[in-house]
Structure formats: C-alpha cells, structure tokens
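Structure at a glance
The primary structure of each chain is shown beneath.
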Amino acid sequence: MNNEYKLVRNALGRMVPTIINGKKAVPYQGVGKYRPTGRKAAPPISTCIDYPADGNKVVNDIKTALQKAGIKDGMTISTHHHLRNGDYVANMVFDACAELGVKDLMWFPSASFPCHSQQIKHLESGVIHHIEGSMNGPLGEFASYGKMKGMGVLRSHGGRYQAVQDGEVHIDIAVLAAPTADPFGNANGLTGDAACGLLGFALADSQYADKVIIVTDNLIDFPCYPWQIQGNYVDYVVVVDKIGDASKIVSGTTQITKSPDRLLIAEMAARFVKESGIMKNGFSFQGGAGGTSLAFAIFLKDFMIEENVKARFVRGGSTKYLVDMLEQGLTDYILDGQTFDLEGVRSMRENPRHADTSPFTSYNYHGKGNFATMVDTVVLGATEVDVNFNANVVTHSDGRLLHGIGGWQNCLFSRCTILPIPSFRDRIPVIRDEVTTISGPGELIDVIVTERGIAINPLRKDLIEQMKGSNLPIRDIIEIKEEVEEICGGQPDPPKLGNKIIAAIKWVDGTVIDCVRQVIE
Amino acid sequence: MNRVSTVGIMGSKLRSDCNISLKITDLGGIRINLKSKVAVEYGRSIMALVKDELEFFDIKNAEIEIEDFGALAFVLSARIETAVRRCFPDTKKEFLPEFSDKCLYKTSRERFRRSRLYVPGNFPKLMINAGLYGADGIILDLEDSVAPTEKDAAQILVRNALRRIDFHNAERMVRINQIPRGLDDLKFIVPHNLHLILIPKCEHPEQIHQVNEKIKEIMEAKGLKEEIYLMPIIESALGVLNAYEIASCADNVVALAIGLEDYTADIGTKRTNEGKESIWARMRLVNAAVAAGVQPIDTVFSDVTDMQGLRESVLEAKSLGFVGKGCIHPRQIKVIHKAFAPTPEEIEKAKKIVLAYESAKKKGLAVISLGSKMIDPPVVKRAIRTVELAKNNNLLDRDWRNNE
C-alpha cells in the first residue's frame, strides 16, 4: 500500500502524497484557500428506546463494551489525552482488542505520550495498523524508522475536529477516560483521583463516533454535573480500578523554569508584547505550561501590574500562575483548553470565570468562526524555523518524528504569533535555511524571539514600525542565523532519509502541508 | 608515562560538554569511537576535528572514545587537548581554536564594573550565553568553582572560551587561583585578549608584583603589548589592613573587591545579612580604594532567589561607597544595575553640575560654581559619572543637553 502514492508539489513547494492509507488527500493550497463543501459527517441515528430507561449503561469491562460496540478488524478507535503521561485507558483498550483477536485497527488519539509506548507491541503484532494523531517519544521513534504498517497522519487539535466533522476520519468506537462519570455516561474531569480539569479533546469523539464508551474509576450517582461529556451521546459505561496515574496527569505545582536562557527569552517576548502595544486594556493572550511560555506569562503579569493593564481573557493551558492572574483581577476570564496543575483544576471547579473550552470553540475550521483568531498574541515553541519564518514542531533536525502538533497550528491564527525559542539547542541551530518539516507556514508566524535577537516577519510592517527605537535587539533573521552557525560550527548536515513516507502532516483545513520520511539508521 | 587518560566521567551526561577516554597505543592508527547527541548533524565535523587535533599533537596510534552531549567545537577540542596533556604532561604545544573577531574588543580603565558575573571555569553550558545578560564583566573562574583535580581541564577550556565566546562587550575577566598557584594559570589566559585578572585572597603588594612580572614575561615572549588590569580580592584580616598598599602598588590595579565569605571565616565569625561583622572591613576597603584611585567593589550576594534582599544589599553597598557587586546568577544583574542607578534627584543635580562645568570650561573659567556654591573637581567627576550611569540605565536621553 505504501508504494501507491504519487507525490505532488504543494503551495509551499513540498512534495506530498496524494493518497494516504488508501484515501485521497488534498495537497496544501495556502492559508485560507481550501474550502470543503457538502454536508458535515454525522453518526448514525440512535433511538432512546434502545437504551435502558433507568439510565444505567454500565457493563462489566472494556472487552465487553468493545464487543457490544461491534468491534471488528480495520475499525478506527479513538481516545483522548487529558490524562497525559498518566493515561492507562488507551493501553487497556488495545490490550483488550488484542485479547479479542482484532487486527488492523487505526488508533485515533487526540495525542499520545511516552506512557503509550506499549502500543508498539500492538503495532508490531498487527492489532494496530497505524496511528493518526501525535506520536510523542518512543512511538514517534518507532514510526520514524519505518516500522509502522500504515502512514501516520498528524493533525492539530482543530484539524482533528475538522477531520471528524467533514468525514475525513470516521470514528467507529470512541473510548473516553472520565475522572468522574455517572451510569448514564455524563462525565467530567473536575473531581476524582484522576481529575484533569476538562475533557474538551473528547468532545468530537463523543458527538461523532458510532459508539461511545466511557471508562471511569469514579462512578457517582446520576447526575454527574457539570456534564462536560453528555451521557446522551454515550452507549456504555465501564468502571475500572484506575484510569491513570494521578501524579503524571497534573502536577502538584507547576514550576517556573530556572534556566537563565529561557528566562531571558521569555522576558524578551514579554517586553516585545508590552512595547509593541499589544499589551493594553482588554487584550488577550495564550499561555501554556512549557517552561518558556509559563515564564512569559509571569513577566507579562509584572508588566501588566506596572502599567495597570488588565486582560479580557487568557487562553490556557492553565496553571496556578494563570489562576493567580484571574484571582488578582488581572484577567476577566481564563478560557482553558487543558489544565496542567491542581490549582488549575480547583479554579475550574470553583470559578465560573474559569471556563472549559474545546477544539470546537477554540480551533475548529468548520465552525462559524473560532476563538483562535480573536487572541491578540500567543507564544509557541518550535524545533526549527527557517529564514522565511516557516516552522517545524514535529521533527528534530535529525529527521526523527518526536512531537505532535497539538493546538500549535491553530494558535498561529492569533493576531501576533511569537515563537520564543533558543537560537540553538545542544549545538544544533534552530534557525535554518529550510526546516526539516514544515508544520506551519511563515506568513502566520510574526516574531521569533531568541536569546540573540528578535526577528520580525517582514510581512508585519506594522510591528516593525512599532518597534523602531526600542531597546530590544530587533535583528534580521538571516543575521541571527549566521551568528548561530558561526557558534555551532557551520550548517548542520541533513539527516539521511529514505523514500518511504512515514507520516503526513495535515494543515488545519485537512490539506497536506508536508510529510515525514523514514530515517535511515 | 601515563598512557591512558579520561576527561569527564564516562557515562555521566552533561549538556554542552563531552567525556573523553584516550588510550595511546603502539599500533593500529587512530581509532575513534564517537557517541554523539548530534551525530547526524555534526558527526562528520567532530570526526575531522578529532583527527586534526591528534595529528597536531603527533599522536599516530590511539583509541579515543567520545561521549558527546552537544559540545561546541572549542569545548570538544579543549577536552581532547586535556586528555592528550594528561597522557603527555610535558607537551608544550597548544591546539588553539581560531580567534573569533567578536573576542577582540577592548576595555578601559574607567568603565562601569557594577556587575561581574561568575561563571565556573569548567562548565561550558554556563559560559556560552554568559554575555547575553548585560553584565559589565564576565569572570571565567579557575578558583573555587573548579575541583582541584580539574584545574588543568579548566585552564584549557577557559583559554578556548576566551578565543571563541562573544561576551557582548562585557569586560573579559578571569579569576585565577590563589598565588602562587595562580601564576601557573596566567600562560593559558594572558595571550588571549584578557581584560582583567581577579586575584583572590590577596594580602600583599608582593602578590601583585608577582602576577605583573609573570604577565610581562608572557607578553614579551608573545610580542604582545595590551595592558591587563587587575582586581585584587581582599578576603582576610591581613588583606584588609594592607588594602591601600595593594590598591596603590601598581598602575594596572583598577578595582579592589572584598570577599566576605572568607573574610568572616578568617576573623572567626559568621556572615550575616545585616553585616555588622564586616562593616569596618568594607569601609576600610572603600576608603583604601578611593584613596588609591580605583573602584571599590562589594562581595557577591549568595541567595539567588532573594531579589528583594539583593536589592537592599546593593543599595546598602552603594550608600557605603561601593560601585560594583559580584553576581552568581544572571537574574541578579538587572537588579544590581537598577539599584546602582542614580535616583531622579541625583540625576537632576548631576545634570546641573555638568552643564555648569561645561559652561565654565567654555568661558575659560578656572572656578566652577553653581548658584552661590563652588564646585570641586571630584564633584564634577562624580556628576559626569552619574550622567553616564543614568544614560546607561535609560533614565536619561543620550541627547539630554539639547532637551534641556
């Protein structure tokens, strides 16, 4: 099957396959160019008379639920990643599938983590044919060396919703871990041993899958409220001992980075936001839990206090630091996409101004608008950027696929996208003539902040004008690149890659923006 | 002769550094076993460097094992040279990396020395970006931060760092070991556009003379002329007593620093935040430095998480007459500069004095007066410095005269 695809050049000049796992794929056409038509996909019509009138949908175990859901070879099984690196459920699901002797499944997680490396045995034995979703760490490594049967497909959080809505991916069975649930299938992430805050990444799965199974370790009497997942979408409920390892789901306390370099970069990014005039009353920004992005929020907070500026909303990745801002009145709302620490979970549970969001509200391409474009500024990471501001978040410079896209692509649509990144890591330059894999087009990336200078995208004449006379080191991206190459010892050698395409990278609209080739050892 | 050597601890990971195990053999040519985090990107260039360097040292047969965690080339070559020297201690040759043109800038006697950032001399990760934080000086430390067994490795690493790392106009400083041991450090650092040497635990002018003689010897042998400044660190009761003699014994002494950890130990007391135990020593040091026409520099503030404490400590130092402070974490630099910055009142007063001075000079007047007060030359000098400091801290427009 892998040899069937034909390659064509997409709008960014990258050679991409037109057939992915036997299905037709559309090459990337440019930002805002591709507009699918027709009607949205829909799950089959269900009828309430087929469900227990007492609302009790509990079945014995995952295996039973999968059998009742009609599991068979070649199906697509989805899971969500709110339990992050503490998740047990995705592993339980495929262990059960293996016991049932099912083959060639497609796993459709909203993201995977190193804790899912045990799926490798199911990939090797043929239980899982391929993964469409982020492949972090060991799974990415496995795929990178060409060991996965099918082609991986990486989508953004919004792109996953888009793919489900426009029928590109049809979920046969969604198995959704729930920190708290009732027998009817209402579920949330606010309480229970495995509390993770919200369950937004599971929303599409609950709404569009043919069959929906809730797996919980904290079954409470009806009603489980708030119902972040509505039981009216749910077919079966399974109770297990533990759905995850709480210590790896959220951290007790999120620590701000101590790395002087990261702090410097974060502070420069925050000063940029202040000096460019983005930071003003009623503005909004997105922060994450990564070291630099967290530090950015803390520096920005200090500037906001100094200048007496208040935000209307902050998009998270919530942590105690954002919660502090909310509670100190520095922002009216937190619109939270995932909760990273216990303070975040508490605040979401208690504070009506700490709202849970989903890829539907925040990122969805087929929505009638989404929040991403309304955010004033966002800070994001990248493994590489090129001199045209195209950026890579999925592969390393050695060609290995090691990270997912997450909400990264979707966030690029904010009014000012800033990448605060080191100019080199362990001797490897981050600014390149060409990135190993394009994950996002340069036209959407406005500012690169490195410890050696800040490069503003030439398309953003307004920002360039605004920053004239600033004390910040505003520099040409090529100048920074050359300085770093001088430090690192010239341009790095490219990796040795084979012809086989091991993964396709989708853009937010479902088109193929780039692909990843097999790494030759 | 020792024919086997190791640099670093094989198996232990240290970012931006590498471990090397070298075995000189009789036969078999050069065999390189490279495990590198950046093998794909820089494996080829690392292999080429290893071959070049071993050839440079006339090593024809050897087994070399390298565990590399993203070391830059100058770090790798320093580690290899250390391994070679440990096998051949009499080696005179030095494998010098190319001098970067970003390492050639000069310093000046009167420059600000408000903050000086200590960087451990055997720790490449902390060196590479040390110049980015805006410190007035970067100290590559060969003394207390380097383990006794690694002094040789640090000498070579610091030498290479002086030739390769852009410290972005910070004054390029090295703290040598205590005299006499520190005299051995000099040949590794003096020829590489070193601006200033910190001499720890200085107690006698004699120690300054010894350093200067050795510098002169090295400079002459290399045909170099550039003056290297000295900052003796006073860290003992005797040093405090001799502070003036030390500060005034040579023209190239530009600053006098106090080190309170060792001083308080020497006088048999404990260092407190309040600092009552060292107030006499600090006042005496300020007085000695000013009398000798050099800058009085305060000790480091060692709690890197306590920014408020640091701020207060700098304000206190400033009030005693100190013009600089040591730092051990980059986050301290900005706090120090801010605390040493002149207040709005100080700036206003300094501006008036400077303008009065300039106008008097223009009119050819010998006596400068402001209102009914006469202004003495030290006051003018101080005012000029205050204005410079204000500009440096963005508290005063560079063009302020025209905006008056």
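In this text, all values refer to a predicted model and were calculated from it rather than measured experimentally. (Residues numbered from 1 in each chain as written. Chains lettered and ligands numbered in written order. Predicted model: local features only at pLDDT ≥ 70, side-chain atom pairs only at ≥ 80, totals over all residues.)

**Side note on the overall build of chain B**
- A tally of regular secondary structure across chain B gives 14 helices and 14 strands.
- On C-alpha atoms alone, chain B measures out to a radius of gyration of 24 Å, which is about the 22 Å that the 2.2 N^0.38 rule sets for 404 residues.
- Oriented by its inertia axes, the alpha-carbon framework of chain B measures out at about 90 × 50 × 45 Å.
- For chain B, the residues scored as buried account for 44% of the 404 residues in total.
- Within chain B, contacts between residues at least 6 apart in sequence are counted, and of these 71% link residues at least 24 apart. (Helix = DSSP H or I, 4+ residues; strand = E, 2+ residues; numbered from the N terminus. Rg over C-alpha atoms; globule rule 2.2 N^0.38 Å. Buried ≥ 20, exposed ≤ 12 C-beta atoms within 10 Å, placed from the backbone. Contact = placed C-beta atoms within 7 Å.)

**Details of the overall build of chain A**
- Tallying secondary structure elements over chain A gives 15 helices and 29 strands in all.
- Computed over the C-alpha atoms, the radius of gyration of chain A is 23 Å, within 12% of the 24 Å expected from 2.2 N^0.38 for a compact globule of 521 residues.
- Judged by the C-alpha coordinates and their principal axes, chain A covers about 70 × 55 × 40 Å.
- For chain A, with 521 residues in total, the buried portion stands at 58%.
- Taking all contacts inside chain A whose residues are at least 6 apart in sequence as the whole, residues at least 24 apart take part in 72%.

**Concerning the sheet that holds strand β29 (residues 512-519) of chain A**
Residues and elements named next belong to chain A.
- The three strands lie next to each other as β9-β28-β29, forming an open sheet whose pairing is mixed. Each of the sheet's edge strands pairs with one partner strand only, and the pair in question is β9 (152-154) and β29. When the angles between neighbouring strand axes are averaged without regard to direction, this sheet yields 40°.
- By the bridge criterion, three bridges tie β9 to strand β28 (residues 497-506) in an arrangement that is parallel. In the sheet register, G152 faces β28, and the bridge partner there is A503. (Pairing = 2+ DSSP bridges. Axes fitted to C-alpha atoms, helices over the stretch in contact; angles between N-to-C directions.)

**What about the interface of chain B and chain A?**
- Facing 21 residues of chain B, the contacting portion of chain A comprises 18 residues.
- At five residues, helix α1 (residues 39-56) of chain B tops the list of elements feeding residues into the side of chain B that touches chain A.

**Observations concerning the domain arrangement of chain A**
Residues and elements named next belong to chain A.
- Along its sequence, chain A is organised into domain 1 (63-246) and domain 2 (260-496).
- Using C-alpha coordinates to define each centre, domain 1 is positioned 29 Å away from domain 2.
- With 31 residues of domain 1 at the contact, the number on the domain 2 side is 30 residues.
- At the level of secondary structure, the elements contributing two or more residues to the side of domain 1 that touches domain 2 comprise α4 (138-144), α5 (157-165) and α6 (203-208). (Domains from an automatic or database assignment.)

**Observations concerning the sheet that holds strand β12 (residues 324-327) of chain B**
Residue and element names in this part refer to chain B.
- Read around the closed barrel, eight strands run β5-β6-β7-β8-β9-β10-β11-β12, paired in parallel fashion. Across the sheet, the mean angle separating the axes of adjacent strands is 25° when strand polarity is ignored.
- Inspection of the sheet shows strand β8 (residues 196-199) paired to strand β9 (residues 229-234) by four bridges, in the parallel sense. Each residue of the ladder has a partner; that of L196, found in β9, is Y229.
- Along the sheet face, helix α6 (residues 205-222) touches β8 and β9 and points at about 145° away from the line of β8.

**Considering the domain arrangement of chain B**
- Taken as a whole, chain B is organised into domain 1 (4-87), domain 2 (101-340) and domain 3 (344-403).
- A C-alpha centroid distance of 58 Å is found between domain 1 of chain B and domain 3 of chain B.

**Describing the confidence of the model for chain B**
- Across chain B, the average pLDDT comes to 94, with 99% of residues at 70 or higher.
- Predicted as a complex, the structure gets a pTM of 0.93 and an ipTM equal to 0.91. (pLDDT = per-residue confidence, 0-100.)

**What about helix α11 (residues 342-350) of chain A?**
- Looking at α11 of chain A, one finds that the buried residues are E343, G344, V345, S347 and M348 of chain A.
- Where α11 of chain A is buried, its residues contact β16 (311-318), α10 (320-327), β17 (331-339) and β18 (354-356) of chain A.

**Some words on the packing of helix α2 (residues 73-87) of chain B against helix α4 (residues 151-164) of chain B**
All names here are of chain B.
- At a closest axis distance of 9 Å, the pairing of α2 and α4 adopts a crossing angle of 145°. Here α2 runs over α4; the crossing is right-handed. For the pair α2 and α4, the contacting residues are F74, V75, S77, A78, E81, T82 and R85 in the first and D152, A153, I156, L157, N160, A161 and R164 in the second.
- Here the contact of α2 with α4 is composed, by residue class, of seven nonpolar, three polar and four charged. (Left-handed = near helix turned anticlockwise from the far one by under 90°. Nonpolar A, V, L, I, M, F, W, Y, C, P; charged D, E, K, R; others polar.)

**Comments concerning the nonpolar core**
- One finds I213 of chain A together with L256 of chain B to be the most contacted residues of the largest nonpolar core, which totals 264 residues.
- Residues I347, A383, V387 and L396 of chain B belong to the second largest nonpolar core, which totals nine residues. (Core = buried A, V, L, I, M, F, W, Y, C linked by C-beta atoms within 7 Å.)

**Quick look at the pairing of strand β8 (residues 128-131) of chain A**
Residue and element names in this part refer to chain A.
- Pairing of strand β7 (residues 105-109) with β8 involves three bridges; the strand directions are parallel. Bridging from a neighbouring strand, W107 pairs with I131 of β8.
- In this region the chain leaves β7, passes through helix α3 (residues 119-125) and returns to the parallel neighbour β8; the handedness of that crossover is right-handed. (Right-handed = clockwise from strand over helix to strand, strands pointing away.)

**Quick look at the pairing of strand β6 (residues 137-141) of chain B**
Residues and elements named next belong to chain B.
- For β6, the tally of buried residues reaches five of five residues, placing the bulk of the element in the interior.
- Of the two faces of β6, the one holding G137, I139 and D141 and the one holding I138 and L140 are both buried throughout.
- Note: strand β5 (residues 115-120) against β6, five bridges, orientation parallel. Opposite V119, over in β6, you have L140 as the bridge partner.
- Sheet analysis places β6 next to strand β7 (residues 171-175), joined by five bridges and oriented parallel. Across the sheet, D141 pairs through a bridge with R175, a residue of β7.
- Taken together, β6, α4 and β7 constitute a β-α-β crossover, and its handedness is right-handed.

**Some details on the packing of α1 of chain B against α2 of chain B**
Residues and elements named next belong to chain B.
- Where α1 meets α2, the closest approach of the two axes is 10 Å, and the angle between their N-to-C directions is 35°. α2 is crossed by α1, and the crossing has right-handed handedness. Of the residues in α2, those in contact with I46, L49, V50 and E53 of α1 are A73, L76, S77, I80 and E81.
- Classifying every residue of the contact of α1 with α2 by side-chain character gives six nonpolar, one polar and two charged.

**A look at helix α14 (residues 377-392) of chain B**
All names here are of chain B.
- Helix length check: α14 (16 residues) gives 23 Å between terminal C-alpha atoms against 22 Å at 1.5 Å per residue, within 8%.
- Of the residues making up α14, those classed as buried are A383, T386, V387, L389 and A390. Angular distribution of buried residues about the axis of α14 spans 160°; they occupy a single face of the element. Exposed positions of α14 whose direction lies more than 90 degrees from the buried face are P377 and P378.
- Against the buried residues of α14 lie α13 (344-362). (Expected span 1.5 Å × (residues − 1). Arc of directions from axis to C-beta.)

**Regarding the environment of P420 of chain A**
Residues and elements named next belong to chain A.
- Position of P420 among the secondary structure elements: in strand β22 (residues 417-420).
- For P420, a count of 28 C-beta atoms within 10 Å puts it in the buried group.
- Once the C-alpha coordinates of P420 and K368 are considered, the two residues, 52 residues apart in sequence, prove to be 31 Å apart.
- Among residues more than four places away in sequence, those in contact with P420 are I265, A266, A269, T292, F296, V379 and V449.

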